[in-house]
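# Commentary on secondary and tertiary structure
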Amino acid sequence: MSHTDWEARYQSGDMPWEKGAPSPGLVDFLAEHRDLTGETVCVPGCGTGHDAREWAQADFSVYGYDLAPSAIRLSIERTRAAGLHAEFQLVDFLREEPPFQFDWIFEHTLYCAIYPGERKQYVQAVRRWLKPGGRYLAVNYLIPDHDGPPFGTTREELIERFAPHFSLLSEWVPRSYPNRTGLELMIWWRKI
Ligand SMILES: C[S@@+](CC[C@H](N)C(=O)[O-])C[C@H]1O[C@@H](n2cnc3c(N)ncnc32)[C@H](O)[C@@H]1O
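Since this is a predicted model, take the numbers as computed values, not measurements.

What counts, and where the lines are drawn
- Residues numbered from 1 in each chain as written.
- Predicted model: local features only at pLDDT ≥ 70, side-chain atom pairs only at ≥ 80, totals over all residues.
- Heavy atoms only, no water.
- Core = buried A, V, L, I, M, F, W, Y, C linked by side-chain atoms within 4.5 Å.
- Buried < 20%, exposed > 50% of the residue type's maximum accessible area, 1.4 Å probe, protein only.
- Helix = DSSP H or I, 4+ residues; strand = E, 2+ residues; numbered from the N terminus.
- Contact = heavy atoms within 4.5 Å.
- Pairing = 2+ DSSP bridges.
- Axes fitted to C-alpha atoms, helices over the stretch in contact; angles between N-to-C directions.
- Disulfide = S-S within 2.5 Å.

This paragraph deals with the nonpolar core. In this structure, Phe-93, Ile-105, Tyr-122, Val-126, Trp-129, Tyr-136 and Phe-162 are the most contacted members of the largest nonpolar core, which totals 24 residues. Mapped onto this core, the elements with two or more residues apiece are strand S4 (102-108), helix H5 (119-129), strand S5 (130-141), helix H6 (155-162) and strand S7 (184-191). Among the elements that line this core, the one with the most residues is H5, at five residues. Those residues in contact with Tyr-122 that sit more than four places away from it in its chain are Phe-93, Leu-94, Glu-107, Leu-110, Tyr-111, Ile-114, Tyr-136 and Phe-162. Core analysis: the second largest hydrophobic core is formed by 21 residues, Phe-29, Cys-46, Ala-86 and Trp-188 among them.

As structure tokens, then:
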């Protein structure tokens, strides 16, 4: 199976994931946890940076990564235009080494974007990029699709993959973009 050419999708404007706004579940999470601030957060597969900017607005030290050059360019431009600060870099999250281990990783439609055969590598990457005791916050997309991206998953699969390495702090069905209502599950983990 050939891999998705993400840069080509940005260049042709074929970006159905691009909602022009951060994940509603993340917005609510940060609003409810105003005590959490000042720590480092890694946003892999950051797209055009909406979620990264939401973390920046909550005073986190934010690092957004993506393997599509257009995503990084748009993230930098839009973050500057918003008067916010975040670092953005061209990185393959699954294959590269972190610059340091983060306090937080925030996942939003990266797990469902990669090929299911790469999920083991994804879990290893989250472990590698996160410091011991670090928190992994995921907006999981629970759809049945096998012919993605997006590729579906289930709560059971996520628990099986992550529970050996992370303790589950909390899980809930978040507020979502209109076309994803009821299809998302947020899971908040702490690296063991
Ligand atoms: C479906 S989009 C989601 C973008 C963003 N999270 C959002 O929700 O708007 C998936 C993003 O992950 C990026 N991506 C795919 N594989 C990646 C990898 N191995 N490392 C870093 N970014 C990756 C793509 O370029 C794309 O921007």
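Still more to cover.
For Ser-23, the location among the structural elements is in the loop between helix H1 (6-12) and helix H2 (24-32). Ser-23 gets classed as buried once you look at its relative accessible area, which sits at 1%. Those residues in contact with Ser-23 that sit more than four places away from it in its chain are Asp-51, Phe-106, His-108, Val-139 and Tyr-177.

Read across the open sheet, the seven strands follow the order S3-S2-S1-S4-S5-S7-S6; overall the sheet is mixed. The sheet terminates laterally at strand S3 (87-90) and strand S6 (166-172), the two strands that pair on one side only. For this sheet the average axis-to-axis angle between neighbouring strands, irrespective of direction, equals 20°. Strand direction decides the pairing type here: S5 and S7, joined by seven bridges, are antiparallel.

On to the state of the cysteines. Each disulfide consists of one covalent bond between the sulfur atoms belonging to two cysteines. The full count for this structure, using the stated rule, is zero disulfides. No disulfide involves Cys-42; its sulfur sits 9.2 Å from the nearest other cysteine sulfur, which is in Cys-46.

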